[in-house]
Amino acid sequence: QVQLVESGGGLVQPGGSLRLSCAASGIIISNYMMGWYRQAPGKQRESVAAITSGFSTNYADSVKGRFTIFRDILKNTVYLQMDSLKPEDSAVYYCNLVAQGGYWGKGTLVTVSS
């Protein structure tokens, strides 16, 4: 029973910060490549960041230097630290396994607006 539950979204001012959490159950996240994705209204879901079991990371060009993906193995949780947020970052954010997708949750809504 794999379940991924995203949380931490909300309303933030441009230039502000948020930390998103992805709490996993039924799976040990340290054994998989985990990723964060986002989908804005009228747009396709896009990959934002990913982290391998070896802690190597990758980021979309649009978020490089502003977002950081990391994991807490003991808590079995993946995080996305978002800094210097822009209005175009507004979207529903999801976490998932990169190679073995199909465990989409409800996501968490991030709204960047003044």
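Everything discussed here concerns the structure shown above.
Not measured: the values here are computed from a predicted model.

Quick notes on the sheet that holds strand 4 (residues 34-39)
By definition, the strands of a sheet pair up through backbone hydrogen bonds, in either a parallel or an antiparallel sense.
Thinking step 1. Spatially, 6 strands are ordered 2-10-9-4-5-6 in an open sheet, and the strand pairing comes out mixed. Strands with a single pairing partner mark the edges of an open sheet, and in this sheet they are strand 2 (10-12) and strand 6 (57-59). Between one strand axis and the next, the sheet turns by 25° as a mean value, whatever way the strands run.

Focus on the pairing of strand 9 (residues 91-97)
Thinking step 1. Burial runs high along strand 9: 6 of the 7 residues are buried.
Thinking step 2. One ladder, built from 6 bridges, connects strand 4 with strand 9; its direction is antiparallel. From the neighbouring strand, glycine 35 faces strand 9, where its bridge partner is asparagine 96.
Thinking step 3. The pairing of strand 9 with strand 10 (residues 108-112) spans 3 bridges and is antiparallel. Bridging from a neighbouring strand, alanine 91 pairs with valine 110 of strand 10.

Description of the packing of aromatic side chains
The geometry of two aromatic rings is summed up by the distance between their centres and the angle between their planes.
Thinking step 1. For the structure shown, the criterion picks out 3 aromatic pairs.
Thinking step 2. Between tyrosine 94 and tryptophan 104, the ring centres sit 6.0 Å apart and the planes meet at 85°, which makes this aromatic pair edge-to-face. Here tyrosine 94, found in strand 9, pairs with tryptophan 104, found in the loop between strand 9 and strand 10; they are 10 residues apart in sequence, far enough to count as distant.
Thinking step 3. Among the aromatic residues, those joined into a ring-pair cluster are Tyr37, Tyr94 and Trp104.
Thinking step 4. Between arginine 45 and the ring centre of tyrosine 94, over which it is positioned, the NZ or CZ distance is 5.4 Å.

Quick look at the environment of leucine 18
Thinking step 1. Here leucine 18 is to be found in strand 3 (residues 18-25).
Thinking step 2. Owing to a relative accessible area of 15%, leucine 18 belongs among the buried residues under this scheme.
Thinking step 3. The spatial distance from the C-alpha of leucine 18 to the C-alpha of leucine 80 is 8.2 Å, given a sequence separation of 62 residues.
Thinking step 4. With residues up to four places along the chain from it excluded, the contact list for leucine 18 reads Gly8, Gly10, Val12, Leu80, Gln81, Met82, Leu85 and Val110.

Parameters at a glance
Residues numbered from 1 in each chain as written. Predicted model: local features only at pLDDT ≥ 70, side-chain atom pairs only at ≥ 80, totals over all residues. Heavy atoms only, no water. Pairing = 2+ DSSP bridges. Helix = DSSP H or I, 4+ residues; strand = E, 2+ residues; numbered from the N terminus. Axes fitted to C-alpha atoms, helices over the stretch in contact; angles between N-to-C directions. Buried < 20%, exposed > 50% of the residue type's maximum accessible area, 1.4 Å probe, protein only. Phe/Tyr/Trp six-rings, centres within 6.5 Å; stacked < 30°, edge-to-face > 60°. Lys NZ or Arg CZ within 6 Å of the ring centre and 35° of its normal. Contact = heavy atoms within 4.5 Å.

These results come straight from atomic positions and should not be treated as a statement about function.
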